[in-house]
Amino acid sequence: MQNTDAVRFCSACFHYGPVRAVSDLDLTIPCGQTVALLGPNGAGKSTSIAMLLGLLAPDSGRVELFGTTPDRASAAGRIGAMLQETQLLPRVTVAELLAFVRGLYPDPMPTDELLRLADLTELADRRLEKLSGGQSQRVKFAAAIAGRPDLLVLDEPTAAMDVESRHDFWRAMRRYAGTGRTVLFSTHYVEEADESADRVVVIAGGRIIADGTPAAIRRSVGVSSVGVAVPRGGTAGLDRLPAVTAVEIRGDRVYLASDDADATVLALAQAGLLRDLEVRGARLEDAYLALTTDSLEGAAA
Amino acid sequence: MTGYLTLEIRRLLRSPGYLMGALAMPLVMYLVITNLYGGSGPERHQTAIYLMVSMAGFGAIGAALTNGMSVVADRSNGWLRQLRITPLDARRVVIARGLTGMLAGLPGILAVCGLGGAVNGVSMPLTHWVAVIGLLWLGVAPFALLGLAVGYLVSVPAAQPVTMLLNISLSILGGLWMPATAFPHTLRTISHLVPTFGYANISRQIAFDAAPHLTDVAVLAGWLVVFTGLAVLAYRRAGRRAV
């Protein structure tokens, strides 16, 4: 079992009526990886996750979890998930819900550890309908990991959280992923993918448009920013420097978007324009925007 | 499965409004109808027994069917999808839910029988009481499963009216509101095939010190099989569509 992959999509397609939500999705996730599924709203993230969990059957192609069907993997207690737009069961306490979920799995997490990890110790006797949005998300997270699943799936888990809750949430998630489990999460917060994932899969229009480590994706777009003080002789000609793709003036500084920061900086030095140099690598967000914009333009063309 | 059953029973006991509602209707109807039929002496006693079984059954069936409405809520709030990705399989979900529905039917049976004994002067040997109450309770199983099937199958806004329609039509056709012997011939034949008829008739036979008819038992058991299958299929389908 150890050498099978955790997740395998093979040419999976799904339509809602005439609308293609997911087209020919091919994606393999080896055991132990933490993967972020990144994409704009309507990109096909939730549909892909629903197919992954066996909640939707692909129109064509197939989905395998640990070398078997999603239904069998669920039945074996290997899957835990936090789904979007799920409300918690009314008239039950946090402790009762978690005791129930733990009882379903062959090797559940001890209750104390679970409550501590999800920061729920104080709320154990609270009824689920009385929780705030952030508290509910923590309970859903706890319910997802209560059975110590080999694959943890989180569909936009931080959508309803404030900044501090998000920070605590990802710390708890990384602790769980650190125990060697496979985690797949979807988000539209780029920085979450950058900070918490080993691998980022960008999807738009139902297709994968980029797949790699956060660093590799940043590099794939390859745009760095080179900033210097505005030259005394003005900015004319800067756009003709090697590797420069765009020039932007902000206050008394000029920022050059560059495909090759080394070549641009060298040319600036030769021209005697190096004053207050600042070089910044591409942010994942820039790369993501570049990728998704290209893909949308491609689709419109 | 016991974990799921415990969870659902807790939720049931914490919905006093639903349980009270399940009690009120048959109690009021029982009191009103026995006084309408009236009569005196042994005839009055027979009517009281007959109607006690009918109304206890009517209350139990209503509560068991209505229990299906709680799975409609599970569907719309996403809990059903969450359950589907746990190791809990469809059969065990449906059985636990069915047992919860049966439990919801129990207060109505006990209340109407209590009222029958205390207010309407129904007297039977203790063994008959136990058998009547026990069989009314066990016999509610097919209706609990039918309620679930509706809850899992029918669209969310339609589930409530469909449940109510089933409750009323099954109660009338099965002779719970008026004896099926008063029906015209064709309707009487149909009535015998409706699960409510056999359900009440089994307990009625015992209450009148006679053996239950095997055909009634067979018809009720047949419906139990049909509704169980339907509920399991409906659950699987609902889990798949609820995205």
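Residues numbered from 1 in each chain as written. Chains lettered and ligands numbered in written order. Predicted model: local features only at pLDDT ≥ 70, side-chain atom pairs only at ≥ 80, totals over all residues. Heavy atoms only, no water.

1. Some remarks on the overall build of chain A
So, step 1. A count of helical and extended segments in chain A gives 10 helices and 13 strands.
So, step 2. Along the three orthogonal principal directions, the C-alpha set of chain A runs to about 75 × 45 × 35 Å.
So, step 3. Looking at chain A as a whole, 50% of its 301 residues qualify as buried.
So, step 4. Taking all contacts inside chain A whose residues are at least 6 apart in sequence as the whole, residues at least 24 apart take part in 66%. (Helix = DSSP H or I, 4+ residues; strand = E, 2+ residues; numbered from the N terminus. Buried < 20%, exposed > 50% of the residue type's maximum accessible area, 1.4 Å probe, protein only. Contact = heavy atoms within 4.5 Å.)

2. Regarding the environment of L238 of chain A
All names here are of chain A.
So, step 1. Following the sequence through the fold, L238 ends up in the loop between β10 (224-229) and β11 (244-250).
So, step 2. You can call L238 buried: its relative accessible area is 4%.
So, step 3. Between the alpha carbons of L238 and V254 there is a distance of 9.4 Å; along the sequence they are 16 residues apart.
So, step 4. Beyond its immediate chain neighbours, meaning those up to four positions away, L238 contacts P231, V244, V247, V254, L256, L268 and L273.

3. A short note on the interface of chain A and chain B
So, step 1. Each partner contributes residues to the interface: chain A has 28 residues there, and chain B has 22 residues.
So, step 2. Summed over both partners, the interface of chain A with chain B comes to about 2400 Å²; 59% of that surface belongs to carbon and sulfur atoms.
So, step 3. Counting across the interface, chain A meets chain B through 3 salt bridges.
So, step 4. Of the charged contacts in the structure, one is a salt bridge between D71 of chain A and R84 of chain B, with a shortest N-O distance of 3.3 Å.
So, step 5. Between chain A and chain B we count 10 residue pairs in polar contact (both at pLDDT 80 or more) in total.
So, step 6. Every element with two or more residues in the side of chain A that touches chain B is listed here: α2 (70-75), β5 (79-82) and α3 (94-104) of chain A.
So, step 7. The biggest single contributor to the side of chain A that touches chain B is α3 of chain A, with 4 residues.
So, step 8. Of the residues that constitute the side of chain A that touches chain B, the class distribution is 16 nonpolar, 7 polar and 5 charged. (Buried area = accessible area lost by both parts, 1.4 Å probe. Salt bridge = Lys/Arg side-chain N within 4 Å of Asp/Glu carboxyl O. Polar contact = N/O pair within 3.5 Å; in protein donor to acceptor, adjacent residues only side chain to side chain. Nonpolar A, V, L, I, M, F, W, Y, C, P; charged D, E, K, R; others polar.)

4. Here we look at the sheet that holds strand β13 (residues 278-280) of chain A
Residues and elements named next belong to chain A.
So, step 1. An order of β11-β12-β10-β13 is seen for the 4 strands of this open sheet, with the pairing classed as antiparallel. For this open sheet the edge positions go to β11 and β13, each flanked by a neighbour on one side alone. Mean inter-strand twist for the sheet, computed between neighbouring axes without regard to direction, equals 20°.
So, step 2. In the sheet, β10 pairs with strand β12 (residues 253-258) via 6 bridges, with the strands oriented antiparallel. Bridging across to β12, S224 finds its partner in S258.
So, step 3. Each of β10, β11, β12 and β13 is contacted by helix α9 (residues 261-270), which is oriented at about 15° to β10, the strand it contacts most. (Pairing = 2+ DSSP bridges. Axes fitted to C-alpha atoms, helices over the stretch in contact; angles between N-to-C directions.)

5. Brief notes about empty space enclosed by the protein
So, step 1. Summed over all chains, the structure comprises 4 cavities of 30 Å³ or more.
So, step 2. By volume, the largest cavity is sized at about 160 Å³.
So, step 3. Taken together, 19 residues make up the lining of the largest cavity; nearest its centre are A81, V101 and A143 of chain A together with W79 and Q82 of chain B.
So, step 4. Put simply, the parts of the chain that give the lining of the largest cavity at least two residues each are β5, α3 and α5 (133-145) of chain A together with α5 (79-84) of chain B.
So, step 5. The element contributing the most residues to the lining of the largest cavity is β5 of chain A, with 4 residues. (1 Å grid on protein atoms, 1.4 Å probe; cavity = no way out; pocket = protein on both sides within 12 Å on 5 of 7 lines; lining within 4 Å. Points joined across faces, edges and corners; volume = space filled by probe spheres on them.)

6. Thoughts on the nonpolar core
So, step 1. Counting residues in each nonpolar core, the largest one holds 113 residues, and the members touching the most others are F141 of chain A together with Y152 of chain B.
So, step 2. The element that contributes the greatest number of residues to this core is helix α3 (residues 41-66) of chain B, accounting for 12 residues. (Core = buried A, V, L, I, M, F, W, Y, C linked by side-chain atoms within 4.5 Å.)

7. Some details on the confidence of the model for chain B
Residue and element names in this part refer to chain B.
So, step 1. When pLDDT is averaged along chain B, the result is 91; 98% of the residues meet or exceed 70.
So, step 2. Across chain B, helix α7 (residues 126-138) holds the top mean pLDDT of 97, while helix α2 (residues 16-37) sits lowest at 84.
So, step 3. Model confidence for the complex is summarised by a pTM of 0.83, with the ipTM given as 0.84. (pLDDT = per-residue confidence, 0-100.)

8. Some thoughts on the environment of L230 of chain B
All names here are of chain B.
So, step 1. Relative to the elements of secondary structure, L230 occurs in helix α12 (residues 214-241).
So, step 2. In this structure L230 comes out as partly exposed when scored by relative accessible area, which is 35%.
So, step 3. Taking the C-alpha atoms as reference, L230 lies 5.9 Å from A149; in sequence the two are 81 residues apart.

9. Notes on the state of the cysteines
All names here are of chain A.
So, step 1. Within this structure, the stated rule accounts for 0 disulfides over all chains.
So, step 2. The closest cysteine sulfur to the non-disulfide-bonded C10 is located on C13, 12 Å from its own sulfur.
So, step 3. Using a relative accessible area of 17% as the deciding quantity, one classes C10 as buried.
So, step 4. The thiol of C31 is unpaired, and the distance to the nearest cysteine sulfur, on C10, comes to 15 Å. (Disulfide = S-S within 2.5 Å.)

10. Overview of the pattern of salt bridges
Residue and element names in this part refer to chain A.
So, step 1. In total, this model carries 22 salt bridges over all chains according to the counting rule given.
So, step 2. Ionic pairing is found between R199 and D211, a salt bridge with its closest N-O pair at 2.8 Å. Taken as a pair, R199 in strand β8 (residues 199-204) and D211 in strand β9 (residues 207-212) lie far apart in primary sequence, 12 residues in all.
So, step 3. Here R199 falls in the buried class, since its relative accessible area comes to 11%.
So, step 4. Among the residues examined, D211 registers a relative accessible area of 41% and is labelled partly exposed.
So, step 5. A single salt-bridge network, built from bridges that share partners, covers D5, R8, R62 and E64.

11. Thoughts on α2 of chain B
All names here are of chain B.
So, step 1. The terminal C-alpha atoms of α2 lie 32 Å apart, and with 22 residues this matches the ideal 32 Å at 1.5 Å per residue to within 8%.
So, step 2. L19, A22, L23, P26, M29, Y30, I33 and T34 are the residues of α2 that are buried. The arc that holds the buried residues of α2, viewed along the axis, is 145°, so those residues lie on one side. In α2, the exposed positions that point more than 90 degrees away from the buried face belong to P16, G17, M20 and L36.
So, step 3. For α2, the secondary structure elements touched by its buried residues are α1 (2-13), α3 and α6 (90-118).
So, step 4. In the segment just after α2, G39 is the residue with positive phi, at about 80°. (Expected span 1.5 Å × (residues − 1). Arc of directions from axis to C-beta.)

12. What about the packing of aromatic side chains?
So, step 1. Following the criterion strictly, the structure yields 10 aromatic pairs over all chains and no others.
So, step 2. Ring centres of F14 of chain A and Y16 of chain A lie 5.0 Å apart, and the angle between their planes is 75°; on these two criteria the pair is classed as edge-to-face.
So, step 3. Residue class for F14 of chain A comes out buried when judged on its relative accessible area of 8%.
So, step 4. With a relative accessible area of 40%, Y16 of chain A lands in the partly exposed category.
So, step 5. With 5.2 Å between their ring centres and 75° between their planes, Y152 of chain B and Y235 of chain B make a pair best called edge-to-face. Separated by 83 residues along the polypeptide, Y152 of chain B in helix α8 (residues 141-153) and Y235 of chain B in helix α12 bring together distant segments of the chain. For the pair Y152 of chain B and Y235 of chain B, one class covers both residues: buried.
So, step 6. Here the aromatic residues F141, F169, W170 and F185 of chain A are joined through ring pairs into a cluster of three or more.
So, step 7. In this structure, R78 of chain A packs its charged tip against the face of F66 of chain A, placed 3.9 Å from the ring centre. (Phe/Tyr/Trp six-rings, centres within 6.5 Å; stacked < 30°, edge-to-face > 60°. Lys NZ or Arg CZ within 6 Å of the ring centre and 35° of its normal.)

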